[in-house]
Structures are given as structure tokens and as C-alpha cells.
Amino acid sequence: MADTRPLGGYLRISDADLADIRRAVRTGELTAEEGQEKERKGVLKQKEDVIRLAANLYPGQTVIFYEDNNLSAFKRNVVRKRFEQMLTDLETGSLGGVLAYDIDRLFRQPKDLERLIDHYDKPGSTLVFHTLSGQNFDLTQPDGRFTARIMVNVANKSSEDQSRRLKREREREAKAGEIHGGPRAFGWLEDKKTLHPQEAPALRTMSQMIIDGDSVTTCTRWLGEQGFLAKSGRPYIRPSVLRILRNPRNCGIVVFRKEILKDDEGNFVVGKWEPIIPVETWRAVTAVLDKRLEENRGKYGTHDYSLRSILSGVLRCGDCGSRMTASGSTKKRYKCSREAGGCGNVTISRPPVEEAVKGLVTDVLLKNSAEKEAEKEQPQWERAEELALLEQEFVELHDLWKSEKIKTTTYVIGREELEGKIDRLKGERAVTLARPTQKFTHDVIKDGWDNLSVERARSVILSVLSAVMVAKGQSNGHRTIDHGRLTPVFKEQ
């Protein structure tokens, strides 16, 4: 009696065709939408061919299609859900066999073929297996299994060769500064080379905010206030903004396989797109973020924190001299904390002491506001000679390797160590030159303290005061304090 169970028709565009389409999208020959349409057309053409194959071999028999479009059968970490479902249906006896355009649509890894053979290589199996190639792929028989194994191994070798060529081509493109695939980065339009009219200026602003002392959290809040939304349609979150700020692409640097590309001389490989910020600005941003990460590691986790009170650490206990911090569930007061090594005897209400210190700083700034613009001292970086010596050492190491006077292993280890030192010094230099010492005048708060971030307001206060000593005493509620409890320590002192 003929087997009348439905047949499984498997559909998947080939790895080679998929690679060609993605290459065309990456190089701009096709848009992303055109690439998707071409992939879909390829699968629909296969479906028509499989329908004709079924009609010729098994007229009137039902075909259930299993489609894994846009998925590789070669990559081991890719799960083809419909392929897995087809195997499950074979195991439960729901299918009478499998049809496909060609065997390489089903398999590019021998282990996947063996999983299918397990269902065919059983006593009395009537399962069928056919492709349009016309070759003998009767998986119930040794000869058919032998032929199938040969063809799948050939397909596997072809995919490995293609993968190797593709990796070499992508590396060549990266070293030439070509634009790669993937989603567009923040700051550019969909062509990945033209600056976005709103996002690019926003990134410049946030970069300067970081250099000037603002936290990533403050930048994230500012980005939301400006109305920027992530691709999800929701406001940006802090980790996303951190990635945006750190992206080497911002200054034109090419990244390949998550590594910044450099040439033999140690210079950054520059991409063929319009940068948003200069390299030195990017260096300064990443150096500031790295320094915060190191300073706050263990105390605040693995990221920079957002200040929540402008006088934490500025206020000091008048009894023991310890730094006072905002405390309590609502942070409405500053306290000398025993947990932090203090005496615990001094507490003061937060809102009135902050207003008092702001008023004091405002008065000082008013006295120093003869000039309308904030004065900036010309920054001086004192480690230029050290950097020059390291760069010369790098050149000498490279020359020794080129002339085969040292082993490649010695060269690679030495190069990595020197590059690390050089990059750290260049980052320090970038921060110094991007953030000159500033003598604040009243202009910096002419629009009000509330328009400054907590980090920026704290910087203004610390430009005038080294500390404020707080004597023991009683506050009259939460709105007023005895100003006699406060002893400011000015920078001049």
C-alpha cells in the first residue's frame, strides 16, 4: 500500500547566494530592502520547483513546507527552527519523506545529514528523499547514503572555502576603510557615511559634557530631554549612551572584529565616512570614562556614577573633620557617618545648606566678574617628552622586526605593551588639552544654578571652595539654618 503521508518540502536560500546578496547590500549595490526581497524571491522560486518535483513523483500528495529563509546551514551556532521541526515531524511519523531543491539547501554540516539518516536507516523504512539534481539519495539504502555523504562533505568544503575568502575580503575592506554592514550607528544616516543633522550635533554636545565633568547618566537624561529615541521607540538607556560615546567610529577610526585597526606604524586606520568629532576629542572622552571606571570600581560597580548631591565630600564635620555625605532614605540631610569613619555627631539639613553655599559662591563669583567671559588658562601637559620617547621606542622595535633581528613573538608582546602606554598617555594629553583649567566668573551661573547639572554645579563650587566646615548645632526646621555653623575654606587659603 502506497504511503500517503504528507511530504516535507524544505526551503532555504543557499549560503553562497545569501553571501552574495549580503555583500551587495554591504557595498551599496542593493538596499537592505532590495536584499530582503531578493532573498524572498529565491525561496519562492525553490517552492515552485519543489511543487513540480512532488507533482511528477507523487501526484496528488500533500506537501508541507518548512522554510528557514535567511539562515545559514554551515554556521554551527545557527539554529534552524523549521529544520528542527521537520526532524521532529519525521520522528513522530507525521511525514512520509523530504523533498528539496538540492541537498546543500538542507545540509552544509555532515552531522545534520546523519541526524536525518537516523530516521531513514531503520528496518522497513519507506521514507523517501528527493532533490531536483536527480542523483540517487535513497537514504534507506547504503549507496544512497554514501552519495549523500559525499555531496554534503563537498558542500561543507565549499562553505569553508567561501567563509575563508569572505573573512579575507572583509579584512581587506576594513584595512581600506570601507563601510561595513550592520545597523547604522548613532550620528549617521542610513548610508552610514553622511552625518545625521540632529544626532551628530547631539553626540558632539555629549562628548563635551563628558569632558567637562558630566556623567553618562546626565548625558542620558539630557538626550531624553532633547527628544531623542532609540530604535525601539523608547528613550535611550545609560548602557546604550555609553556605547555611543565610546564608539571609535565617532572620529573615523575603523573597528574590525571588535578591535581597533592600526597600520604597521601604529596609526589608526581611518574609515571612508565623515567623522563627527576629532580623534583627540574621542581620546579625551574615552580617557575620562576609563578613569572613572577605575576610580569607581568596587565602590560603584563597573560604571561611572551620577552625583546626586553637590556637597557630598565638600562639607566636613566640625568635630572630627570627616567628609559628610547625603544620607537618609530621601537624602534630605548631610551627615558625618560613623560607617564612613566619622564621629556621627554632626547633621545638617540639605536644602538650606546647599542654598547657603550656592549663595556664598555666587557672591564670590560676582566679585570676580569684571570680565564677561570665563577666563581659561592655557593648558600645559608635562609628559610630552615621555610620550616622544615611547613613540621612538615603538619605531625602533618595528624596524628591528622588519629587519628580522627579533622574533615575531617578541615584537607582538613588545608592541602591545608600548601601544598600551602610548594610548594612555595620548588619552591623558587629550583630556588636558580639551579641558583647560577654568576660572569661573558669574557668567557661568547667570541662567541659574538649576540649569547646571549636579556635576557641573559641583565643579563651580570647588573652583571657589576647598571645603565647608559644619559645626554641631540645631536647624530651625528644614528651611533655614544657622549660618554661623558654616566655616568656608576658600581656595586661596
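Residues numbered from 1 in each chain as written. Predicted model: local features only at pLDDT ≥ 70, side-chain atom pairs only at ≥ 80, totals over all residues. Heavy atoms only, no water.

**Q** Which parts of the structure should I look at to understand the sheet that holds strand 14 (residues 486-490)?
**A** Adjacent strands of a sheet pair through backbone hydrogen bonds, lying either parallel or antiparallel. Taken in spatial order, the three strands of this open sheet run 7-13-14, and their pairing is mixed. Edge positions in the sheet fall to strand 7 (315-317) and strand 14, since each of these pairs with one other strand and no more. Across the sheet, the mean angle separating the axes of adjacent strands is 30 degrees when strand polarity is ignored. Helix-sheet contacts for helix 14 (residues 454-464) involve strand 13 (465-470) and strand 14, and the interaxial angle to strand 13 is about 90 degrees. (Pairing = 2+ DSSP bridges. Helix = DSSP H or I, 4+ residues; strand = E, 2+ residues; numbered from the N terminus. Axes fitted to C-alpha atoms, helices over the stretch in contact; angles between N-to-C directions. Contact = heavy atoms within 4.5 Å.)

**Q** Help me understand the packing of aromatic side chains, please; the structure alone is not making it clear to me.
**A** Centre distance and the angle of the planes are the two values used to describe a pair of aromatic rings. Per the stated rule, a full pass over the model turns up eight aromatic pairs. Taking 6.4 Å as the distance between ring centres and 85 degrees as the angle between the ring planes, the aromatic pair formed by Tyr120 and Phe129 counts as edge-to-face. Neither residue differs from the other here; Tyr120 and Phe129 are each classed as buried. When the ring of Trp401 is compared with that of Tyr411, the centres are 4.3 Å apart and the planes differ by 5 degrees; the resulting orientation is stacked. (Phe/Tyr/Trp six-rings, centres within 6.5 Å; stacked < 30°, edge-to-face > 60°. Buried < 20%, exposed > 50% of the residue type's maximum accessible area, 1.4 Å probe, protein only.)

**Q** I keep staring at a nonpolar patch on the surface and nothing clicks. Help me out?
**A** On the surface, Phe146, Ile150 and Val154 cluster together to form a nonpolar patch covering roughly 290 Å² of accessible area. Locating Val154 in the fold gives a position in helix 6 (residues 142-175). (Patch = residues over 30% accessible without salt bridge, like charges linked within 9 Å, V, L, I, M, F, W, Y side chains within 5 Å. Areas by Shrake-Rupley, 256 points an atom, 1.4 Å probe, with all protein chains shown as cover. Salt bridge = Lys/Arg side-chain N within 4 Å of Asp/Glu carboxyl O.)

**Q** Where do I start with the nonpolar core in this structure?
**A** Counting residues in hydrophobic clusters, the biggest one holds 39 residues, and the most contacted among them are Phe186, Met206, Ile210, Leu223, Val241 and Leu245. Among the elements that take part in this core, helix 7 (residues 199-211) stands out by supplying seven residues, more than any other. Residues within four places of Met206 in sequence aside, it is in contact with Phe186, Cys219, Trp222, Leu223, Val241 and Leu245. With 30 residues, the next largest nonpolar core counts Leu315, Cys317, Val346 and Ala457 among its residues. (Core = buried A, V, L, I, M, F, W, Y, C linked by side-chain atoms within 4.5 Å.)

**Q** Help me out: how do you make sense of the packing of helix 7 against helix 9 (residues 238-246) in this one?
**A** A pair of packed helices is captured by two measures, namely the crossing angle of their axes and the spacing between those axes. Axis separation between helix 7 and helix 9 bottoms out at 10 Å; the angle between their running directions is 95 degrees. With respect to their mutual orientation, helix 7 and helix 9 come out roughly perpendicular. Taking contact as the criterion, the partners of Leu203, Met206, Ser207 and Ile210 in helix 7 are, on helix 9, Val241, Ile244 and Leu245. Taken together, the residues of the contact of helix 7 with helix 9 sort by class into six nonpolar, one polar and no charged. (Parallel < 35°, antiparallel > 145°, perpendicular 65-115°, else oblique. Nonpolar A, V, L, I, M, F, W, Y, C, P; charged D, E, K, R; others polar.)

**Q** How do you make sense of the packing of helix 8 (residues 216-225) against helix 9 when you look at a structure like this?
**A** In contact at an axis separation of 9 Å, helix 8 and helix 9 are set at 100 degrees when each is read in the N-to-C sense. One finds that helix 8 runs roughly perpendicular with respect to helix 9. Facing Val216, Thr217, Cys219, Thr220 and Leu223 of helix 8, the residues of helix 9 in contact are Arg238, Val241, Leu242 and Leu245. Of the residues in the contact of helix 8 with helix 9, the class split is six nonpolar, two polar and one charged.

**Q** Before we go on, may I ask you to explain the sheet that holds strand 2 (residues 63-67) in this structure?
**A** Spatial ordering of the open sheet is given by 2-1-3-4, a layout of four strands whose pairing is parallel. Both edges of this open sheet fall to strand 2 and strand 4 (128-131), since each of them pairs with a single strand only. Direction aside, the axes of adjacent strands within the sheet are offset by 20 degrees on average. By the bridge criterion, three bridges tie strand 1 (residues 7-11) to strand 3 (residues 97-100) in an arrangement that is parallel. Its bridge partner lying in strand 3, Gly8 is registered against Val98.

**Q** I'm lost on the pattern of salt bridges in this one. Help?
**A** When the charged atoms of two side chains lie near each other, side chains of opposite charge can form a pair. Using the criterion set out here, one finds 34 salt bridges in the structure. The partner of Asp212 in a salt bridge is Arg456, with the nearest N and O atoms 4.0 Å apart. With a gap of 244 residues between them, Asp212 in the loop between helix 7 and helix 8 and Arg456 in helix 14 connect regions that are remote in the sequence. On the basis of relative accessibility, which here comes to 29%, the residue Asp212 falls in the partly exposed class.

**Q** What am I meant to see in the environment of Glu419 here?
**A** Relative to the elements of secondary structure, Glu419 occurs in helix 13 (residues 408-434). Residue classification places Glu419 among the buried positions, given a relative accessible area of 16%. Note: C-alpha distance between Glu419 and Leu390 (29 residues apart in sequence) is 8.8 Å. Setting aside residues up to four positions removed in sequence, Glu419 forms contacts with Lys262, Gly266 and Phe394.

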